[in-house]
Amino acid sequence: MKVTDVRIEVIKHKVPLLDVPIGSHRSREVERGVLRIFTDEGIEGNCFIGAWVAAPPLFSPILEVVKPLLMGREPFDREWLWSRMQFLATRFSLSETAWAPVDIALWDIAGKAAGLPIYKLLGAQRREVPAYASYYFKHTCTQAYVDEGEGAVSEGFTAYKIHPGGLEIPEAIKMIGAVRESLGEHISLMYDPDCSYDFRRALRVGHALDDNRFYWFEDPVRHHDCDAITELSRRLRTPLSMTDQSDAQFFDSAHYVRQQALRIVRGTALRLGITGLRKLCALAEGFGLNCEIGTAGNGLLNAANLHVAQSVRNCDYYEHLMPVEQQNFGLTDYPAPDKDGLMCAPDSPGLGFELDRDWIEHHKVASLE
């Protein structure tokens, strides 16, 4: 089997703003891409391009740098492509977010060719993964987070991640205790200020997380501040989880592990594809660490996350970002938890989710080759 063509269908559609409540009717128009990799055996691999990162800047690198490498090659040469991308990333300023959808589409081809879901090609570890509710509304008071967490539990989630937005530290500490008291000890809680704290503020909040038995403390400080990360890990009981922010996620994570700076690394198919994310999980496992997989921002990237999570034992949770209207487009069905808060990838070949071709055609504004 050989790759015969690579195309991107450009779509334009409206999505709700991420940090305002559902029902506010505030939205923005975005452009995203539908990646299509064709083969001489009629099998097509797909992935979506674009999450909260801008999609159009990724189109040219895929078509001008990656496509020429793939033409005429077997779509199974994913390890060769991974190795090649490490060189091209520097030479052509090719970001991981441009390469990752290509890797995922190649895995989609492999699954379809084998007649198997990707998690079985990777080696099935389990059939379901618990999800945690992850909201991105920037609330300004404690009660709003209590209500949000209670809403998540009422929907079947057994874990809830807090994004504290612009809360000042005293209010954030108050909120941490209130959410724990409201949800009880049986709910796992995570806390993610998106690298917005300095060391002293992170330490104050971290002690509150310790007192309230949080599951992890995610991205408290800048992802490149390894000294602060190491010292926070030394002083706090709550495991630090880093990082969704790095543009070199695999190699930065390896550096954290080498420095014994944390107990949980984070990865996502948005930056690493399936090949790189599976490598990162294996690297972490070798040192007895978890690799917690962060949301990837659209249906097919999230499906890739789910397949990897079902193939490893050192990822405790799947991140289910809400509102889902921000990331669900272009499919007839989407990755979603069941009534018990569990995720399960389809047993259909490849990624297992079907393109909504009528919707895509209606929203298509260009076809790039």
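Residues numbered from 1 in each chain as written. Predicted model: local features only at pLDDT ≥ 70, side-chain atom pairs only at ≥ 80, totals over all residues. Heavy atoms only, no water.

Participant: Looking at this structure, how should I read the overall build of the protein chain?
Facilitator: Summing up its helical and strand segments, the protein chain has 12 helices and 13 strands in all. Along the first, second and third principal axes, the C-alpha set of the protein chain runs to 60 × 45 × 35 Å. Split into buried and exposed, the 369 residues of the protein chain put 57% on the buried side. The long-range share in the protein chain, meaning contacts at least 24 apart out of those at least 6 apart in sequence, stands at 73%. For the protein chain, the computed accessible surface area is about 15100 Å², with 48% contributed by carbon and sulfur atoms. (Helix = DSSP H or I, 4+ residues; strand = E, 2+ residues; numbered from the N terminus. Buried < 20%, exposed > 50% of the residue type's maximum accessible area, 1.4 Å probe, protein only. Contact = heavy atoms within 4.5 Å. Areas by Shrake-Rupley, 256 points an atom, 1.4 Å probe, with all protein chains shown as cover.)

Participant: Help me understand unusual backbone geometry in this model?
Facilitator: Phi is mostly negative for residues that are not glycine, and the peptide bonds are mostly trans. At the junction of M242 and T243, the peptide bond is cis and its omega measures out at -10 degrees in the coordinates. Looking at where T243 falls in the secondary structure, it is placed in the loop between strand 8 (240-242) and helix 9 (249-258). In this structure, the amide linkage connecting M322 to the following residue, P323, adopts the cis form with an omega of 10 degrees. Of note, P323 is situated in the loop between strand 11 (318-322) and strand 12 (342-343). Even without glycine at this site, C195 takes up a positive phi of about 60 degrees. For C195, the position within the fold is in the loop between strand 6 (188-191) and helix 7 (199-211).

Participant: I'm lost on empty space enclosed by the protein in this one. Help?
Facilitator: Picture a little ball the size of a water molecule; that probe, rolled over the atoms, points out where space is still empty. Scanning the model with the defined rule gives two cavities of 30 Å³ or more in all. Surrounding the largest cavity, T295, N302, Y318, E319, H320, L321, V324, Q327, N328 and P335 form its lining. The greatest single-element share of the lining of the largest cavity, amounting to four residues, is contributed by strand 11. Its residues assigned to classes, the lining of the largest cavity comprises four nonpolar, five polar and one charged. (1 Å grid on protein atoms, 1.4 Å probe; cavity = no way out; pocket = protein on both sides within 12 Å on 5 of 7 lines; lining within 4 Å. Points joined across faces, edges and corners; volume = space filled by probe spheres on them. Nonpolar A, V, L, I, M, F, W, Y, C, P; charged D, E, K, R; others polar.)

Participant: Looking at this model, I keep getting lost on the sheet that holds strand 1 (residues 3-16). Mind explaining?
Facilitator: Two modes of strand pairing occur in sheets, parallel and antiparallel, and in both the strands are linked by backbone hydrogen bonds. Taken in spatial order, the four strands of this open sheet run 3-2-1-13, and their pairing is antiparallel. The strands lining the two open edges of the sheet, one partner per strand, are strand 3 (45-49) and strand 13 (364-368). Strand-to-strand twist in this sheet, taken as the mean axis angle between neighbours without regard to direction, amounts to 20 degrees. With 13 bridges joining them, strand 1 and strand 2 (residues 27-39) adopt antiparallel strand pairing. Looking at strand 2, one finds that D5 is bridged to F38. Relative to the sheet, helix 1 (residues 56-70) contacts strand 1, strand 2, strand 3 and strand 13, its axis offset from that of strand 1 by approximately 170 degrees. (Pairing = 2+ DSSP bridges. Axes fitted to C-alpha atoms, helices over the stretch in contact; angles between N-to-C directions.)

Participant: Looking at this structure, how should I read the pattern of salt bridges?
Facilitator: If the charged atoms of two oppositely charged side chains come close together, the side chains can form a pair. Tallied over the full model, the rule gives 24 salt bridges. Taking the shortest distance from any N to any O, the salt bridge between D5 and R7 comes out at 2.7 Å. Here R266 makes a salt bridge to E319, at a shortest N to O gap of 3.0 Å. Of this pair, R266 sits in strand 9 (residues 264-267) while E319 sits in strand 11, and the two are 53 residues apart along the sequence. Using a relative accessible area of 3% as the deciding quantity, one classes E319 as buried. Counted as one network, the salt bridges with shared partners bring together K161, D192, E218, D244, R266 and E319. (Salt bridge = Lys/Arg side-chain N within 4 Å of Asp/Glu carboxyl O.)

Participant: What's the story with the state of the cysteines in this structure? I'm lost.
Facilitator: One way to say it: the disulfide is the covalent bond shared by the sulfur atoms of two cysteines. In total, this model carries zero disulfides according to the counting rule given. Note on C195: no disulfide assigned, nearest cysteine sulfur contributed by C226 at a separation of 13 Å. With relative accessibility at 14%, the residue C195 sits in the buried group. Free of any disulfide, C344 has its nearest neighbouring cysteine sulfur in C315, separated by 15 Å. (Disulfide = S-S within 2.5 Å.)

Participant: Would you mind going over the packing of aromatic side chains with me for this structure?
Facilitator: Given two aromatic rings, one states the distance between the centres and the angle between the planes to describe the pair. Across all of its chains, the model carries 12 aromatic pairs by this definition. Centre to centre, the rings of Y135 and F137 are 6.4 Å apart; their planes meet at 40 degrees, and the pair counts as tilted. According to the relative accessible area criterion, F137 is buried, its value standing at 11%. Grouped by ring-pair contacts, the aromatic residues W82, W99, F250 and F251 constitute a single cluster. A cation over an aromatic ring shows up here: R73 above the ring of W80, its NZ or CZ 3.7 Å from the ring centre. (Phe/Tyr/Trp six-rings, centres within 6.5 Å; stacked < 30°, edge-to-face > 60°. Lys NZ or Arg CZ within 6 Å of the ring centre and 35° of its normal.)

Participant: It is not clear to me how the pairing of strand 4 (residues 129-135) should be interpreted in this structure. Could you clarify?
Facilitator: Each regular strand displays side chains that alternate between the two surfaces of the sheet. Burial of strand 4 is extensive: six of the seven residues sit out of reach of the surface. Looking at chain direction, strand 4 and strand 11 are connected through five bridges and run parallel. Paired with Y135 across the strands is M322, a residue of strand 11. Alignment of strand 4 against strand 5 (residues 159-162), held across two bridges, turns out to be parallel. In the sheet register, S134 faces strand 5, and the bridge partner there is K161. For the crossover from strand 4 across helix 5 (residues 142-154) to strand 5, the handedness is right-handed. (Right-handed = clockwise from strand over helix to strand, strands pointing away.)

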